[in-house]
Amino acid sequence: MNREKVIFAFFIVLALTLNFGFFLGEIDKEIHHNVFELFAALVVSMICTVLKFGDRTHLGALMLATSLVADLQLVIAAILWGFAEQISGGMTGSMMSSVVSLSGGALLANIISVILLVVETIVVRR
Amino acid sequence: MNNVFYLLLRRLRVPFITMIVVYSISILGFVLIPGQDDAGNVWRMDFFHAVYFVSFMGTTIGFGEIPFAFTDAQRMWTLLMIYATVVAWLYGIGSMLALLQEPVFGRLLRRRSFTGEVAGFAEPFYLICGYGVTGRLIVHKLANRDIRAVVIDISQDRIDDLEMDTLPIRVPGLCADAALPDVLDDAGLQHPHCIGVLALTDDDNSNLAVSIASKLLMPNRMVISRTEAEVTTANLLSFGTNQVVDPFEAYAGYLSMAIHTPYKHLVYDWLVNPYHRPLSSVYQQKQGRWIICGFGRFGRALYKAFKADNVFITVIDSKEQNVNQTEQQIWGIGTEARTLEEANISDAVGIVAGTDNDADNLSIIMTARGIKPKLVTVVRQNLDANRLVFRHSGADFVMEPGRIIANQIMAQIKTPLLPAFIEALKEYDDVWAHTLLNRMSSVVGEDELESWAFVLGEEETPAIKMALEEGTIIKMKVFLKDPRDHSQMLPGFPLMLRRDDDIKILPGELTELQMGDEILFCGLSKAFTQVEWTVNNYNVLQYILTGKDANNTLLSRWFNADQ
């Protein structure tokens, strides 16, 4: 058992599940989407990215890339949320659906990350 | 190649994660802890304000409680989080600084910039392994001829020396073990512009490794290696190393030639050594018995060379393993008069102080001269740092192995014709050498004798190639006329002509030339720069041949047709 691999797998799956939890629900209903879950998803996703720093394998590089994509989408979603609440004068249905669809994009990136993780696990013959 | 970047990222993982965790906990705390607005209502900070507040709190840019004054619970949390965030920042910055100061990181950075510089070379260069006495001399000589070089040495001190030495062109150096193939590769072993590899470290095994790697990866590349053991010499030659130089053997041969055939020796000296001795310095009456002090590697090589020339020898040595190796051997170091007298110094003609201790060597020749002032003295200098003492020692020959090898290698680098000429020299006697020496002396006086070679063809002599193709007969003297005034001769003359492995020593001025001829000249270096005009510029060549300024422009041809 490789401790580094366990930690990484834990965080990447956690990022996926949190992201999924946030994404679940009607796209424009604010009460279906918890802001804390978005926050947690963003933090865990960033930790995942840092964990992949310095990995020189090809799969490692791919995972770093997908992880960066997820980060990017979640950060934009969070900024959009802040913009809607603080600057444009309250959350609207259309704003909420943008935020959720961005998190949906991040979810897709997270799914790819997990698929890569599974591929890596299968390829390693030990 | 991206080692540095990966190392940086890998080392910064933990500080980054610490920072993310501390920041997220602190933001979360501010969102959860209830506050009060200015009207006294309960108010909760949202993520936007929490991120904003933590961002400026963590970096301690400034402080204010926003958007309303904090409650005590918020203040307590802030207090905790100030410490947490500041510690996280210090940790992050500290690890970054520690990484930048780490020697490994610095080495990686230097290696990377070195590799990049070598890969960017667009002109021919030599790869030199080892920056000792020999390596340094060669790098300096190459740099003075505007030839680029790359240096690898295992000691950082020598690489520092390289950077301190003021060279006319930049020579990149790397501190690494040259015996490792990837180090060689980074230094340009497989670079298309690398023209030669010189293995000059003081470790025979490293030299062997460099030569093997070079011959395996680039079989046609020139490899010159230094060696100190016969086994290695044979090994190096077995896989086609172009030149193998053994400092002791080389010097033994050099000295033996000086004693036996002084004029031939001087010709050799003038050709390979820029700081050659004046013509008047030829020693006479060196035939007779010689005393060799020290019977190590140098002593043995000398003994063999002298024996081959039938010189009588007495050996003085005090080491147990060297006892009774030869028929005439005296026990002792040679620094005391008693030992020297025992060796019968009064009827010897010369003494060689060849131990591996510089102080002993100097002491030997001083004692010996005290007994017999007219003795020919040869002293071996082991450490380059003792140069000053040896220069004033008054010895007739100072043997510096590094310098000998450097000169031999430079002769090979200048042109492969020069070693061929020196080889051919063996066929001639000393009287012939004396005549040649007089001729050289009348051309260059006491200045440095430079030699250079041409291969007739497109690359080196395009003008002559054009003229030959037109059917013009080109004679040797073309090379010796001054392109500024064709009635004047340049200070130089041809030493050798090689045509399809036929060697002609001292070819006449009227020899007709063919394509593919290789000609070796000697003379003053200013003659060489002038000859470059003749061989490269068709118009200059026409002027030399006909004495008329040949202008090939339409206008001048039209004018000339009128006359």
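Looking at an unreviewed UniProt entry, chain B carries the name Potassium transporter TrkA, with the source organism given as Neptunomonas japonica JAMM 1380. Quoted straight from UniProt, the Subcellular location (unreviewed entry) entry for chain B says "Cell membrane".

Section: the overall build of chain A
Per the secondary structure count, chain A includes four helices and zero strands. Along chain A, helices (α) and strands (β) appear in the sequence α-α-α-α when read from the amino end. Buried residues in chain A amount to 44% of all 126 residues. Partitioning the intrachain contacts of chain A with sequence separation of at least 6 by distance along the chain shows that 68% fall at a separation of at least 24. Surface accessibility of chain A: about 6600 Å² in total, with carbon and sulfur atoms responsible for 71%.

Quick look at the UniProt feature "transmembrane region" (unreviewed entry) in chain B
All names here are of chain B. Residues annotated by UniProt as "transmembrane region" (unreviewed entry) correspond here to residues 12-35, 47-70 and 77-100. Taken end to end, residues 12-35 is 88% helix and 8% strand, and its first and last C-alpha atoms sit 36 Å apart. End C-alpha to end C-alpha, residues 77-100 measures 35 Å, and it is 100% helix and 0% strand.

Notes on the nonpolar core
Of all hydrophobic cores here, the largest spans 60 residues; its most connected members are Phe22(A), Ile47(A), Trp81(A), Ile27(B) and Phe30(B). Residue assignment for this core shows that the elements contributing at least two residues are α1 (3-23), α2 (35-51), α3 (58-87) and α4 (93-123) of chain A together with α1 (3-32), α2 (47-58) and α3 (72-101) of chain B. Residue contributions to this core peak at 11 residues, all from α4(A). In contact with Trp81(A), other than residues within four places in its own chain, are Phe22(A), Glu30(A), His33(A), Val35(A), Leu38(A), Met91(A), Met96(A) and Val99(A). Ala252(B), Tyr303(B), Val378(B) and Ile422(B) belong to the second-largest nonpolar core, a separate cluster that totals 55 residues.

Some details on the pairing of strand β20 (residues 518-523) of chain B
Residues and elements named next belong to chain B. Within β20, five of the six residues are buried, which leaves the element mostly enclosed by the surrounding structure. In this structure, strand β15 (residues 450-455) lies alongside β20, joined through six bridges in antiparallel fashion. Its bridge partner being in β20, Phe 454 is matched across the sheet by Ile 519. Judged from the six bridges that link them, strand β18 (residues 492-499) and β20 form a sheet pairing that is antiparallel. Note that in β20 the partner of Phe 493 across the bridge is Cys 522.

Things to note about helix α21 (residues 538-546) of chain B
All names here are of chain B. Of the residues making up α21, those classed as buried are Tyr 538, Val 540, Leu 541, Gln 542, Tyr 543 and Ile 544. One side-chain oxygen of the residue at the start of α21 lies 2.9 Å from the amide nitrogen of Asn 539, identifying that residue as Asn 537. Looking one or two residues beyond α21, the residue adopting positive phi is Gly 547, at roughly 85°.

A look at the side chain of Asn110(A)
Residues and elements named next belong to chain A. Mapped onto the elements of the fold, Asn 110 is located in helix α4. Overall, the relative accessible area of 4% leaves Asn 110 in the buried class. Excluding residues within four positions of it along the chain, Asn 110 makes contact with Ala 15, Leu 16, Asn 19 and Ala 70.

Some remarks on the interface of chain A and chain B
Contact with chain A, which involves 15 residues of that partner, is made by 19 residues of chain B. The largest contributions to the chain A side of the interface with chain B come from Phe39(A), Phe53(A) and Arg56(A), which together make up 32% of the buried area. For the pair chain A and chain B, the interface holds zero salt bridges. Inspection of the region where chain A meets chain B yields three residue pairs in polar contact (both at pLDDT 80 or more).

A closer look at the UniProt feature "transmembrane region" (unreviewed entry) in chain A
Residues and elements named next belong to chain A. Per the UniProt record, "transmembrane region" (unreviewed entry) is annotated on residues 7-25, 31-54, 61-84 and 104-124. Across residues 7-25, the secondary structure splits into 89% helix and 0% strand, with the terminal C-alpha atoms separated by 29 Å. With 100% helix and 0% strand, residues 61-84 has end C-alpha atoms that lie 35 Å from one another.

Looking at the pattern of salt bridges
All names here are of chain B. The tally for this structure, following the rule as stated, stands at 15 salt bridges over all chains. Across the salt bridge formed by Arg 111 and Asp 186, the nearest N and O atoms sit 2.7 Å from each other. Residue Arg 111 is located in helix α4 (residues 103-119), and its partner Asp 186 is located in helix α7 (residues 181-186); the two are separated by 75 residues in the primary sequence. Accessibility expressed as a relative area gives 25% for Arg 111, which makes it partly exposed. It is possible to trace a salt-bridge network through shared partners that takes in Glu 458, Lys 465 and Glu 469.

So, the sheet that holds strand β5 (residues 173-175) of chain B
All names here are of chain B. Spatially, β5-β4-β3-β6-β7-β8 is the arrangement adopted by the six strands of the open sheet, whose pairing is parallel. Both edges of this open sheet fall to β5 and β8 (243-245), since each of them pairs with a single strand only. Sheet twist, expressed as the mean angle between neighbouring strand axes with direction ignored, is 15°. As paired strands, strand β4 (residues 148-153) and β5 are joined by three bridges and run parallel to one another. Paired with Val 151 across the strands is Gly 173, a residue of β5. On top of the sheet, helix α5 (residues 133-144) reaches β3 (125-129), β4, β6 (194-199) and β7 (222-226); it is set at about 165° to β3, its chief contact. Set on the sheet, helix α8 (residues 204-217) makes contact with β3, β6 and β7; between it and β7 the angle comes to about 170°.

A closer look at a negative patch on the surface
Residue and element names in this part refer to chain B. A surface patch of negative charge is lined by Asp 157, Asp 160, Asp 161 and Glu 163. Take Asp 160: it is sitting in helix α6 (residues 156-164). Given a relative accessible area of 33%, Asp 160 falls into the partly exposed group.

Some remarks on the sheet that holds β15(B)
Residue and element names in this part refer to chain B. Spatially, four strands are ordered β15-β20-β18-β19 in an open sheet, and the strand pairing comes out antiparallel. Edge strands, defined here as strands with exactly one partner in the open sheet, are β15 and β19 (502-505). Each adjacent strand pair in this sheet contributes to an overall mean axis angle of 20°, direction not counted. Sheet contacts for helix α17 (residues 417-425): β15, β18, β19 and β20; angle to β18, the most-contacted strand, approximately 90°. The sheet strands contacting helix α20 (residues 525-536) are β15 and β20, and the helix crosses β15 at an angle near 20°.

A word on the packing of aromatic side chains
In total, this model carries 23 aromatic pairs over all chains according to the counting rule given. Both rings, one in Phe22(A) and one in Trp81(A), keep their centres 6.2 Å apart while their planes meet at 45°; by these two values the pair is tilted. Within this pair, whereas Phe22(A) is found in helix α1, its partner Trp81(A) is found in helix α3, the two being separated by 59 residues in sequence. A relative accessible area of 0% means that Phe22(A) is categorised as buried. With a centroid separation of 4.0 Å and 20° between ring planes, the pair formed by Tyr428(B) and Trp432(B) is classed as stacked. Taken together, Phe30(B), Tyr52(B), Phe53(B), Phe56(B) and Phe70(B) form an aromatic cluster joined through their ring pairs. Note that Lys52(A) overlies the ring of Phe8(A), its terminal NZ or CZ placed 4.2 Å from the centroid.

Some details on the packing of α2(A) against α3(A)
Residues and elements named next belong to chain A. For the pair α2 and α3, interaxial distance at closest approach is 9 Å and the crossing angle is 150°. What the angle tells us is that α2 and α3 run roughly antiparallel. Crossing of α2 against α3: the hand is left-handed. Here α2 contributes Val 35, Leu 38, Ala 41, Leu 42, Ser 45, Met 46, Cys 48 and Thr 49 to the contact with α3, which in turn contributes Leu 64, Ser 67, Leu 68, Ala 70, Asp 71, Leu 74, Val 75, Ala 78 and Trp 81.

About the cut-offs
Residues numbered from 1 in each chain as written. Chains lettered and ligands numbered in written order. Predicted model: local features only at pLDDT ≥ 70, side-chain atom pairs only at ≥ 80, totals over all residues. Heavy atoms only, no water. UniProt positions renumbered as here; feature names shortened; annotations may be inferred. Helix = DSSP H or I, 4+ residues; strand = E, 2+ residues; numbered from the N terminus. Buried < 20%, exposed > 50% of the residue type's maximum accessible area, 1.4 Å probe, protein only. Contact = heavy atoms within 4.5 Å. Areas by Shrake-Rupley, 256 points an atom, 1.4 Å probe, with all protein chains shown as cover. Core = buried A, V, L, I, M, F, W, Y, C linked by side-chain atoms within 4.5 Å. Pairing = 2+ DSSP bridges. Polar contact = N/O pair within 3.5 Å; in protein donor to acceptor, adjacent residues only side chain to side chain. Buried area = accessible area lost by both parts, 1.4 Å probe. Salt bridge = Lys/Arg side-chain N within 4 Å of Asp/Glu carboxyl O. Axes fitted to C-alpha atoms, helices over the stretch in contact; angles between N-to-C directions. Patch = residues over 30% accessible without salt bridge, like charges linked within 9 Å, V, L, I, M, F, W, Y side chains within 5 Å. Lys, Arg positive; Asp, Glu negative; His and termini not counted. Charge placed at Lys NZ, Arg CZ, Asp CG, Glu CD. Phe/Tyr/Trp six-rings, centres within 6.5 Å; stacked < 30°, edge-to-face > 60°. Lys NZ or Arg CZ within 6 Å of the ring centre and 35° of its normal. Parallel < 35°, antiparallel > 145°, perpendicular 65-115°, else oblique. Left-handed = near helix turned anticlockwise from the far one by under 90°.

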